[in-house]
Amino acid sequence: MPIFVNRSLNLKKIKLIGFDMDYTLVPYETEAFEELTYTLAKERLIEVLSYPKELNQYSFDFNRAIVGLVIDKRNGYLLQLSRYNKVKISYYGLERVPYREQNRVYQNMAIELRDPDFQSLDTAFAISYGVLFSQAVELKKQGYSLPSYQKLEKDIHEAIDMVHRDGSLKSEIKKNFKKYVILDPRTAQVLERYKDYGKKLMIITNSDFSYTQALLNYAIDPFLKKHKSWKDVFDMVITFADKPKFFEHPARFLKIDPATGLMSNHEGPVTSGIYQGGNSKKLQHDMRLQGSEILYIGDHIYGDVVSIKKLCNWRTALVLGDLEREMDGIRRSKEVQQEIDRLMHEKDILERELNQIDIQKYEGKKVKHQVIDELFQRIDSLNTRISSLLDDYMQFFNPYWGEILRAGAEESRYAEQIEKYACIYMTRVSDLYEYSPRTYFRPIKRIMPHELAVMGKNS
């Protein structure tokens, strides 16, 4: 797959390349991973947080949520927003909110995401999070005793945190890497190639050292050709980084002995080795690099990309595991989209005719009402056909939410974040295999509406 470019990025000038590990350096089978998270978190809700056992009547539905949604903790709705933070699709429990009701609640206003009543689902566990919230709201709708939507969202967040803190999630994955981990031999080849070109490599992960070692032994070591171990490939590995705090607040580095896993306080420069914790400011200072000389590749739009761009000025790359599926949907829906475009163009011509008639009426000229009625009838007929085709178009994507990177005709809020904060993006790290480590990535010129009009494409 190609690399997609938002901003110019000259790899010649990059001296240090950092990688997130989970879902970036090592891809997972998303549906299996999210179902495991969902199952374990639901157990915590019932057994630890005393939620009704009737929650077990629901099973995991992978399509019920996508990355980039927003929880409205005031109304209990799950929302998809456009790049302008306008609500495009909403669900209340397991039912889609009718347009009129949605418009009554939100009045086409832009959602202020700094408001504590809203929670963005842009983490690696967005799907299990969203599915659990939808099902819990559905149970509350049925009259079961559940807390307020605010408390409900907080409890689901806590339940997911529990399965990380107690080690149960990673423990289950370690028992069956074959089920949950996607092996990609080209990733190891990309790493070794960058080493040969003199780049320094590092990992910054929120996972602990024990899990990091087990996962990389499984996913990287078997495919290395010039090195015995991933430890020989990476100049620096930082575990339990606690991103995004790693980029936001100062914290001590603890040195890890890779032979025993034991930790000790670290004093002095941080330039190589395996660590726990720490912070980006000291790392960059000790490596004697400018922010523009560091490229960090991650999958989490906030923890791996947004916080870096705002605080560190490192260059950024985003891995979008869902992108391949979305692009396949775009290819398969091409004929439907072309027919929608054709009908929209036809509708636009009819609406222009109505506008001209309206101007004629304003100027006092006589107009034939029969002509106006015929135009409205033709437009209504087109609207019916377009609406049916839009339903057909949705079937090529998520059946509840449609595309991840679009919300109707506009880009989604998630797509806007990618465009704004990621210099480049890709489906997986191994996509870099097709590009030299000296590649100069340049974006395609974006065409604005007035430019389209001048070029005669919007007349």
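Here the residue index of a chain counts from 1 through its sequence in written order. Since the coordinates come from a predicted model, pLDDT governs what is reported: local features require at least 70, and pairs of side-chain atoms require 80 or more to be given and counted, while whole-chain, interface and lining totals use all residues. Note that the side-chain values use all heavy atoms of the structure and ignore hydrogens as well as water.

Some points on the overall build of the protein
Turning to step 1, where the next piece is worked out: Starting at the N terminus, helices and strands are each numbered in turn, a helix being any DSSP run of H or I of at least four residues and a strand any DSSP run of E of at least two. Secondary structure summary: the protein contains 17 helices and 19 strands in total.
Turning to step 2, where the next piece is worked out: Projecting the C-alpha coordinates of the protein onto the three principal axes gives extents of approximately 90 × 60 × 35 Å.
Turning to step 3, where the next piece is worked out: Residue pairs at least 24 apart in sequence account for 74% of intrachain contacts in the protein once pairs closer than 6 positions are excluded.
Turning to step 4, where the next piece is worked out: In the structure as shown, the protein presents an accessible area of about 23200 Å², 49% of it carried by carbon and sulfur atoms.
Turning to step 5, where the next piece is worked out: A residue counts as positive if it is Lys or Arg and as negative if it is Asp or Glu; His and the chain ends are not included. Throughout, a charge is located at the NZ atom of Lys, the CZ atom of Arg, the CG atom of Asp or the CD atom of Glu. Computing the positive centroid from 68 side-chain charges and the negative centroid from 65, the protein places the two 5 Å apart. We call two residues contacting when some pair of their heavy atoms lies within 4.5 Å. Here the Shrake-Rupley method, with its probe set to 1.4 Å, supplies the accessible areas, and only the displayed protein chains count as covering residues.

Focus: the layout of surface pockets
Turning to step 1, where the next piece is worked out: Volume-wise, the largest pocket comes out at about 1800 Å³.
Turning to step 2, where the next piece is worked out: Put simply, the grid is 1 Å and covers the protein atoms alone, a cavity is a trapped set of points that fit a 1.4 Å probe, a pocket is an open set with protein on both sides within 12 Å along at least five of seven lines, and lining residues have an atom within 4 Å of a point. Lining the largest pocket are 49 residues, with T123, N206, K243, P244 and H300 positioned closest to its centre.
Turning to step 3, where the next piece is worked out: In the scheme used here, Gly and all other residues not listed as nonpolar or charged are polar, with Ala, Val, Leu, Ile, Met, Phe, Trp, Tyr, Cys and Pro taken as nonpolar and Asp, Glu, Lys and Arg as charged. Of the residues that constitute the lining of the largest pocket, the class distribution is 15 nonpolar, 14 polar and 20 charged.
Turning to step 4, where the next piece is worked out: Counted as a void, the second largest pocket has a volume near 1400 Å³.
Turning to step 5, where the next piece is worked out: Lining the second largest pocket are 34 residues, with R406, A409, E411, R446 and I447 sitting closest to its centre.
Turning to step 6, where the next piece is worked out: Those elements that provide at least two residues to the lining of the second largest pocket are β1 (4-5), α13 (323-332), α14 (334-362), α16 (413-421) and α17 (449-454).
Turning to step 7, where the next piece is worked out: Counting residues per element, the lining of the second largest pocket draws most heavily on α14, at 5 residues.
Turning to step 8, where the next piece is worked out: Here the lining of the second largest pocket is built from residues that sort into 17 nonpolar, 5 polar and 12 charged. Grid points are joined across faces, edges and corners, and a volume is the space filled by probe spheres set on the points.

Things to note about the sheet that holds strand β13 (residues 273-277)
Turning to step 1, where the next piece is worked out: Being paired, for any two strands, means DSSP has found at least two bridges between them. Reading across the sheet, the 10 strands line up as β1-β18-β15-β14-β3-β9-β10-β13-β11-β12 and stay open at both edges, with mixed pairing between neighbours. Sheet topology places β1 and β12 (263-265) at the edges, where each strand pairs with a single neighbour.

Brief notes about the pairing of strand β9 (residues 200-204)
Turning to step 1, where the next piece is worked out: Buried, partly exposed and exposed residues are distinguished by accessible area as a fraction of the type maximum, computed with a 1.4 Å probe on protein chains only: under 20%, between the cut-offs, and over 50%, respectively. A large share of β9 lies buried, amounting to 4 of its 5 residues.
Turning to step 2, where the next piece is worked out: Bridging between β9 and strand β10 (residues 236-239) involves 3 bridges; their strand directions are parallel. Across the sheet, I203 pairs through a bridge with V237, a residue of β10.

Examining the packing of helix α1 (residues 30-47) against helix α3 (residues 126-141)
Turning to step 1, where the next piece is worked out: What counts as an axis is a line fitted to C-alpha atoms, over the stretch in contact for a helix, and the angles between N-to-C directions run from 0 to 180 degrees. Packing of α1 against α3 leaves a shortest axis separation of 8 Å and a crossing angle of 45°. In terms of orientation, α1 and α3 fall into the oblique class. Here α1 and α3 pass one another in a crossing that is right-handed. Of the residues in α3, those in contact with T30, E34, T37, Y38, A41, K42 and L45 of α1 are A126, I127, S128, V131, L132 and Q135.
Turning to step 2, where the next piece is worked out: Split into classes, the residues belonging to the contact of α1 with α3 amount to 7 nonpolar, 4 polar and 2 charged. Any angle between 65 and 115 degrees counts as roughly perpendicular, while under 35 counts as roughly parallel, over 145 as roughly antiparallel, and the rest as oblique. Left-handed describes a crossing in which the near helix is turned anticlockwise from the far one by less than a right angle; the clockwise case is right-handed.

Looking at empty space enclosed by the protein
Turning to step 1, where the next piece is worked out: Scanning all chains against the criterion turns up 2 cavities of 30 Å³ or more.
Turning to step 2, where the next piece is worked out: Approximately 50 Å³ is the volume attributed to the largest cavity.
Turning to step 3, where the next piece is worked out: V67, L320, D322, L323, E326, I404, L405 and Y414 together form the lining of the largest cavity.
Turning to step 4, where the next piece is worked out: Of the pockets and cavities examined, the second largest cavity occupies roughly 40 Å³.
Turning to step 5, where the next piece is worked out: What lines the second largest cavity is simply L25, V26, P27, I182, L183, D184, T187, A219 and I220.

A closer look at the packing of aromatic side chains
The relation between two aromatic rings is expressed through the spacing of the ring centres and the mutual angle of the planes.
Turning to step 1, where the next piece is worked out: Pairing of aromatic side chains here covers Phe, Tyr and the six-membered ring of Trp, requires ring centres within 6.5 Å, and sorts the geometry by plane angle: under 30 degrees stacked, over 60 edge-to-face, intermediate tilted. Taken as a whole, this structure holds 22 aromatic pairs when the rule is applied.
Turning to step 2, where the next piece is worked out: With a centroid separation of 5.2 Å and 55° between ring planes, the pair formed by Y38 and F60 is classed as tilted. Note that Y38 is positioned in helix α1 and F60 in the loop between α1 and β4 (69-72), a separation of 22 residues in sequence. F60 shares its class with Y38; the two are buried.
Turning to step 3, where the next piece is worked out: In textbook terms, an aromatic cluster arises when at least three aromatic residues are bridged by ring pairs, as seen for Y23, Y28, F33 and F125.

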